[in-house]
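Below are the chains, spelled out letter by letter.
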Amino acid sequence: MPNSLSLRVLLAYVVGVTLSILLMILVPLMLTTYRSDLLLEADLTEYTRDLVEAVRFDDMGVPDRLAASEDGDRWIYESLKEETAYRVLDESGRTVLVSPAGEEFWSTVEPPRLVPGNFNLERGGVQMHSVIEPFEHGGRTWYFQFAASTRMLGFIYQEFTLPFMGAGVAIFSVVLLVVFGICAYVTLGYTLRPLRNLSESATSISPRTLHARLPTEAVPSEIAPLVHSFNRALDRLEHGYRVQQEFLATAAHELKTPLALIRAQVELREEGEDRDSLLGDVEHMARQVQQLLLLAEASEVQNYDFATTDVQKVAQDVAAHLQRMAEAAHVHVTLSASTSVAQWRADRGALFTLLKNLLENAIQHAPRGTEVRVEVDAATVTVRDSGPGVDPQQLSQMFSRFWRGAHRRDQGAGLGLAICREIALAHGWALSAHRADPGLLLRLSVPDQPRPASSSAGPGPGNIGSP
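The structure displayed is predicted, hence computed values, not measured ones. (Residues numbered from 1 in each chain as written. Predicted model: local features only at pLDDT ≥ 70, side-chain atom pairs only at ≥ 80, totals over all residues. Heavy atoms only, no water.)

Q: What is the right way to look at the overall build of the protein in this model?
A: Tallying secondary structure elements over the protein gives 12 helices and 14 strands in all. Counting across all 467 residues of the protein, residues that qualify as buried make up 37%. Within the protein, contacts between residues at least 6 apart in sequence are counted, and of these 64% link residues at least 24 apart. Summing over all exposed atoms, the protein offers an accessible surface of approximately 26700 Å²; the carbon and sulfur share of this is 56%. (Helix = DSSP H or I, 4+ residues; strand = E, 2+ residues; numbered from the N terminus. Buried < 20%, exposed > 50% of the residue type's maximum accessible area, 1.4 Å probe, protein only. Contact = heavy atoms within 4.5 Å. Areas by Shrake-Rupley, 256 points an atom, 1.4 Å probe, with all protein chains shown as cover.)

Below, the structure is given as structure tokens:
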């Protein structure tokens, strides 16, 4: 069975209705098959009481006729004189009112029986069912007796009652299934709506929105404990995440001072191979610490200050900032902008860091004498180099922390593209890598309706990695 709560509840409804229908069918069927006498006696007694209610009296208080509605069925008693009849007796057993069958019909019941209840009699070899029902009027007691033949009652049951009862049960069953099915479907949709809302809320929670919690309003009491437990788990996750980020930022910040002191001590040494090697190691460590600090800052949305930013101007500043690096690598940087205006809602410092890391990565992998091309339009920024590119299976790993390309000129920390991804996620942008021929193409694109992860965050530094 599919693991669906709605389907299971709906199936339970269907099973319940089906069992109810079967029960409604089986009980009358068993009664009509095995205890038909009970139904027969009950029906005859009920019909006799209806006839008693129809008895009318003359001025002397003696029964003389039936009511108009019952008297209109007189043709039944005239046409079926051998099958059914009725009469009214006084306290002495004298007949005061009789059906068209006359007293001859009751000739086998001598003397008249005045005991209330059901009994059987035989007339001309035909079994008859009879009922005597006493009633009072004018201070006197009267006895209404009704009789009908077994063969007539059996014919009515077989040819009329059972078929109509079967058709009624079938129609009722179909209506019941349809009505119950619709009611169950609507009820389940209404009942499970809070669960769907909770699921959508839980889906929207990410490492950048750990402060969000599932709403507890209008949550069914059966689900409320689960929601509270989930929110408490989010509290613990948020606390752990904050502690980790604070530790990373603190450690990176605290390492900057000793590294600066070490660099100063090394620079005071006499020039030599060891001095240059130590300075290179210290520079590498300082860069790695700086990127760790930048990564910690980029992972916190509250550090961003969103505003409308001219992407083309930021790209020009990045190209100018890295011009010396490009010249040292003998790589030519070309900036191409479309006629459309690229105005994005972004943190300018974070956007500068993102584009700088993308362009720096391209320069590091571009062969000497080649071109790195940056193209800016209204919705995308692309950076393309002419280097060896990346294997297709490694494209998905490029934005992972500490991943380094095999053809990079320097010994980078492998955090530059990871920082780009964090900044892009915070802004709601899409950052992707694609193989080019030759080289690699990195594309930064803005959705149709750009929406930062949190545009209501309080003012932060607003200069993540800005020069």
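Q: Where do I start with the sheet that holds strand β4 (residues 95–98) in this structure?
A: Sheet strands line up and pair through hydrogen bonds in the backbone, either parallel or antiparallel. Strand order in this open sheet of five strands is β4-β3-β7-β6-β5, and the pairing throughout is antiparallel. Edge positions in the sheet fall to β4 and β5 (117–123), since each has one partner strand and no second. Adjacent strand axes in the sheet meet at a mean angle of 25 degrees, parallel and antiparallel pairs treated alike. (Pairing = 2+ DSSP bridges. Axes fitted to C-alpha atoms, helices over the stretch in contact; angles between N-to-C directions.)

Q: Whenever I open this one, a nonpolar patch on the surface confuses me. Can you help?
A: On the surface, a nonpolar cluster with roughly 1000 Å² of combined accessible area is contributed by L11, Y13, V14, V15, L19, L22, L26, I171, V175, L177, V179 and F180. Breaking the nonpolar patch down by element, the ones donating at least two residues are α1 (5–34) and α5 (150–191). When residues in the nonpolar patch are grouped by element, the largest group, seven residues, is from α1. Mapped onto the secondary structure, L26 falls in helix α1. Given a relative accessible area of 44%, L26 falls into the partly exposed group. (Patch = residues over 30% accessible without salt bridge, like charges linked within 9 Å, V, L, I, M, F, W, Y side chains within 5 Å. Salt bridge = Lys/Arg side-chain N within 4 Å of Asp/Glu carboxyl O.)

Q: Explanation requested: the packing of aromatic side chains in the structure shown.
A: In this description, an aromatic ring pair is defined by two values, namely the gap between the centres and the angle between the planes. All told, the structure shown has seven aromatic pairs when counted by the stated rule. An angle of 65 degrees between the planes, with centres 5.1 Å apart, marks the rings of Y47 and F146 as edge-to-face. Separated by 99 residues along the polypeptide, Y47 in helix α2 (residues 36–53) and F146 in strand β7 (residues 140–149) bring together distant segments of the chain. A relative accessible area of 30% places Y47 in the partly exposed class. Measuring from centroid to centroid gives 6.4 Å for F57 and W142, while their planes differ by 55 degrees, and the two rings are tilted. (Phe/Tyr/Trp six-rings, centres within 6.5 Å; stacked < 30°, edge-to-face > 60°.)

Q: How do you make sense of the sheet that holds strand β9 (residues 332–337) when you look at a structure like this?
A: Spatially, the five strands line up as an open sheet ordered β9-β11-β12-β14-β13, and their pairing is mixed. This sheet does not close on itself; its edge strands, each paired only once, are β9 and β13 (430–435). Averaged over all pairs of adjacent strands, the angle between their axes in this sheet comes to 15 degrees, without regard to strand direction. Pairing of strand β11 (residues 371–376) with strand β12 (residues 380–384), which is carried by four bridges, proceeds in the antiparallel orientation. Along β12, the bridge assignment pairs R373 with R384. The sheet strands contacting helix α9 (residues 311–321) are β9, β11 and β12, and the helix crosses β9 at an angle near 170 degrees. Helix α11 (residues 348–365) contacts β9, β11, β12, β13 and β14 (440–445) of the sheet and is inclined by roughly 170 degrees relative to β14.

Q: Could you clarify how one ought to interpret the pairing of β4 in this entry?
A: Put simply, side chains in a regular strand alternate between the two faces of the sheet. As paired elements, strand β3 (residues 84–89) and β4 share three bridges and run antiparallel to each other. Counted as the bridge partner of V88 is L97 from β4. Counting the residues between successive antiparallel strands, the hairpin from β3 to β4 contains five residues, one of them, G93, with a positive phi of roughly 95 degrees.

Q: Explain helix α12 (residues 416–427) to me, please; I cannot follow it from the model alone.
A: Structurally, the α-helix is built with 3.6 residues per turn, so residues lying three or four positions apart point the same way. Its 12 residues place the ends of α12 17 Å apart at the C-alpha level, agreeing with the 16 Å of an ideal helix rising 1.5 Å per residue. Along α12, the residues classified as buried are G416, L417, A418, I419, C420, E422, I423, A424, A426 and H427. At the exit of α12 stands G428, carrying a positive phi of roughly 80 degrees. (Expected span 1.5 Å × (residues − 1).)

Q: I tried to follow the nonpolar core on my own but got confused; where do I start?
A: Taken as a class, soluble globular proteins show a tendency for nonpolar side chains to be buried jointly. In this structure, L354, L355, L359, M398, W429 and L444 are the most contacted members of the largest nonpolar core, which totals 47 residues. Those elements that provide at least two residues to this core are α9, β10 (343–346), α11, β11, β12, α12, β13 and β14. Apart from the residues lying within four places of it in its own chain, the contact partners of L444 are W344, L351, L354, L355, A379, T380, V381, A424, W429, A430 and L431. Among the nonpolar cores identified, the runner-up in size contains 22 residues, and L40, L66, A67 and M152 belong to it. (Core = buried A, V, L, I, M, F, W, Y, C linked by side-chain atoms within 4.5 Å.)

Q: What exactly am I supposed to notice about the pattern of salt bridges here?
A: Close approach of charged atoms allows side chains of opposite charge to pair. Evaluated as defined, the whole model comprises 10 salt bridges. For the salt bridge of D90 with R94, the shortest nitrogen-to-oxygen distance reads 3.4 Å. A relative accessible area of 4% means that D90 is categorised as buried. Ionic pairing is found between R348 and D317, a salt bridge with its closest N-O pair at 2.5 Å. With a gap of 31 residues between them, R348 in helix α11 and D317 in helix α9 connect regions that are remote in the sequence. A relative accessible area of 38% means that R348 is categorised as partly exposed.

Q: Mind showing me how you'd approach unusual backbone geometry here?
A: What is expected of a backbone is that most residues other than glycine have negative phi and most peptide bonds are trans. Positive phi outside glycine occurs at H330, with the angle close to 55 degrees. By the element assignment, H330 lies in the loop between α10 (323–328) and β9.

Q: Any chance you could explain the side chain of T309 here in plain terms?
A: Following the sequence through the fold, T309 ends up in strand β8 (residues 307–310). You can call T309 buried: its relative accessible area is 5%. In terms of polar contacts, T309 uses its side chain to reach the backbone carbonyl oxygen of A307, at 3.0 Å. From its side chain, T309 meets the backbone oxygen of A346 in a polar contact 3.2 Å long. Not counting chain neighbours up to four residues away, the residues in contact with T309 comprise V314, A342, Q343, W344, A346, R348 and L351. (Polar contact = N/O pair within 3.5 Å; in protein donor to acceptor, adjacent residues only side chain to side chain.)

Nothing here speaks to function; it is geometry throughout.
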